[in-house]
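# Fold and contact review
One-letter residues, chain by chain:
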Amino acid sequence: QEQLVESGGGLVQPGRSLRLSCVASGFTFRAYAMRWYRQAPGKGRELVASISSTGGTTNYGDSVKGRFTISRDNAKNTVYLQMNSLKPEDTAWYYCNVVLRSEYWGQGTQVTVSS
């Protein structure tokens, strides 16, 4: 059964960093592109970053370019989101996503940026 499990969220002060992880299971992880989305309170879900199956191609939302880095370790079936220079507007639930025959989401991990 396909499963995505996020971790690494928490409360952090503005300007600090966090690294999110998403461990995948139940499918051939190395064959699929992966995405991170986020959803802030009262807002729609936003694509934060994506990475190709090999990790050779990455893309970022305009609001996080230059601050966030997506990466993956295919040996560990894990995709990461390194978040630097965090801002209060980065506060959101962060979700891992993959599109196989259907679309799958993790349960999310909450990030709160506040002093």
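These notes cover the structure that comes with them. These numbers come from a predicted model, not from an experiment. (Residues numbered from 1 in each chain as written. Predicted model: local features only at pLDDT ≥ 70, side-chain atom pairs only at ≥ 80, totals over all residues. Heavy atoms only, no water.)

## Quick look at the sheet that holds strand 3 (residues 18-25)
What the 4 strands build is an open sheet, ordered 1-3-8-7; its pairing is antiparallel. Each having just a single partner strand, strand 1 (3-7) and strand 7 (68-73) make up the two edges of the open sheet. Within the sheet, the average angular offset between the axes of one strand and its neighbour, ignoring direction, is 15°. (Pairing = 2+ DSSP bridges. Helix = DSSP H or I, 4+ residues; strand = E, 2+ residues; numbered from the N terminus. Axes fitted to C-alpha atoms, helices over the stretch in contact; angles between N-to-C directions.)

## Considering the state of the cysteines
Inspection of every chain in the model, using the stated rule, returns 1 disulfide. Across a sulfur-sulfur distance of 2.2 Å, Cys22 and Cys96 are joined as a disulfide pair. Measuring the twist about the S-S bond at about -85°, one finds the Cys22-Cys96 disulfide to be left-handed. With Cys22 in strand 3 and Cys96 in strand 9 (residues 92-99), this residue pair connects regions lying 74 residues apart in the sequence. Since its relative accessible area comes to 0%, Cys22 is described here as buried. (Disulfide = S-S within 2.5 Å. Buried < 20%, exposed > 50% of the residue type's maximum accessible area, 1.4 Å probe, protein only.)

## Examining the pattern of salt bridges
Note that side chains of opposite charge can pair when their charged atoms are close. Under the criterion given, the structure shown has 4 salt bridges. Here Glu46 makes a salt bridge to Arg38, at a shortest N to O gap of 2.9 Å. Relative accessible area serves as the criterion here: at 31%, Glu46 is assigned to the partly exposed category. Given the relative accessible area of 5%, Arg38 is considered buried. A salt bridge links Asp90 to Arg67; the nearest nitrogen and oxygen atoms lie 2.7 Å apart. Placement of the pair is Asp90 in the loop between strand 8 (78-83) and strand 9 and Arg67 in the loop between strand 6 (58-60) and strand 7, with a sequence separation of 23 residues. Comparing Asp90 with Arg67, the two get one shared label, buried. Connected through salt bridges with shared partners, the residues Arg38, Glu46, Arg67 and Asp90 form a single ionic network. (Salt bridge = Lys/Arg side-chain N within 4 Å of Asp/Glu carboxyl O.)

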